[in-house]
Amino acid sequence: MDWLGFNYYQPTRVQAPKNKVDANGNPVFSEPYIWPERRINKSRGWEIYPKGIYDFGMKLKEDYPNLTFFISENGMGVEKEDAFRNADGVIELYY
């Protein structure tokens, strides 16, 4: 691999499953985990966790030190973003 492009919007958290198989007998590897301290983007219902992009970059640096990567996309859309525009025209979201 020459390089890796990375898109990041929100984390997906998982935990060990309660059952090893589902109702159809298929293996279950994980179940969703809802972090109690999460912050949510109310427009999308997505978790806001900017440190996730840092964590991913550091993991790549440690495990694949010679792999070039770039962040090709990140962030999330917000409905009615003009309501969050400050006097300088910058969108500031605080949840």
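Each remark here, short or long, concerns the structure printed above.
What counts and what doesn't
Residues numbered from 1 in each chain as written. Predicted model: local features only at pLDDT ≥ 70, side-chain atom pairs only at ≥ 80, totals over all residues. Heavy atoms only, no water. Helix = DSSP H or I, 4+ residues; strand = E, 2+ residues; numbered from the N terminus. Rg over C-alpha atoms; globule rule 2.2 N^0.38 Å. Buried < 20%, exposed > 50% of the residue type's maximum accessible area, 1.4 Å probe, protein only. Expected span 1.5 Å × (residues − 1). Arc of directions from axis to C-beta. Contact = heavy atoms within 4.5 Å. Phe/Tyr/Trp six-rings, centres within 6.5 Å; stacked < 30°, edge-to-face > 60°. Lys NZ or Arg CZ within 6 Å of the ring centre and 35° of its normal. Salt bridge = Lys/Arg side-chain N within 4 Å of Asp/Glu carboxyl O.

Enquirer: Got a sec to walk through the overall build of the protein? Specific residues and values, please.
Expert: When its secondary structure is counted, the protein shows one helix and six strands. Ordered by position in the sequence, the α and β elements of the protein form the string β-β-β-β-β-α-β. Over its C-alpha trace the protein gives a radius of gyration of 18 Å, far above what one expects of a compact globule, namely 12 Å for 95 residues. Principal-axis analysis of the C-alpha atoms gives the protein an extent of 55 × 40 × 20 Å. Within the protein, the proportion of its 95 residues that are buried is 13%.

Enquirer: I'd like a description of helix α1 (residues 51–63), backed by residues and values.
Expert: Across its 13 residues, α1 extends 18 Å between first and last C-alpha, which sits within 8% of the 18 Å expected from 1.5 Å per residue. Of all the positions in α1, only Gly52, Gly57 and Leu60 are classed as buried. The buried residues of α1 occupy one face: seen down the axis, they fall within an arc of 140°. Every exposed residue of α1 that faces more than 90 degrees away from the buried side is listed here: Lys61 and Glu62. Looking at the packing, one finds that the buried side of α1 touches β1 (3–8) and β6 (68–74).

Enquirer: Kindly report on the packing of aromatic side chains, identifying the contributing residues and their values.
Expert: The description of an aromatic ring pair uses the distance of the two centres, along with the angle that the planes make with each other. Under the defined criterion, the tally for this structure stands at six aromatic pairs. An angle of 40° between the planes, with centres 5.1 Å apart, marks the rings of Trp3 and Phe70 as tilted. Here Trp3, found in strand β1, pairs with Phe70, found in strand β6; they are 67 residues apart in sequence, far enough to count as distant. For Phe70, a relative accessible area of 39% translates into the label partly exposed. A connected cluster of aromatic rings, assembled from ring pairs, spans Phe6, Tyr8, Phe56 and Phe69. Residue placement shows Arg13 over the ring face of Tyr49; its charged tip is 4.9 Å from the ring centre.

Enquirer: Describe the pattern of salt bridges, listing the residues and the values that go with them.
Expert: One pass over the structure, following the stated rule, counts four salt bridges. For the salt bridge of Arg85 with Asp82, the shortest nitrogen-to-oxygen distance reads 2.6 Å. We classify Arg85 as partly exposed; its relative accessible area is 40%. Taking relative accessible area as the criterion, Asp82 reaches 54% and is therefore assigned exposed.

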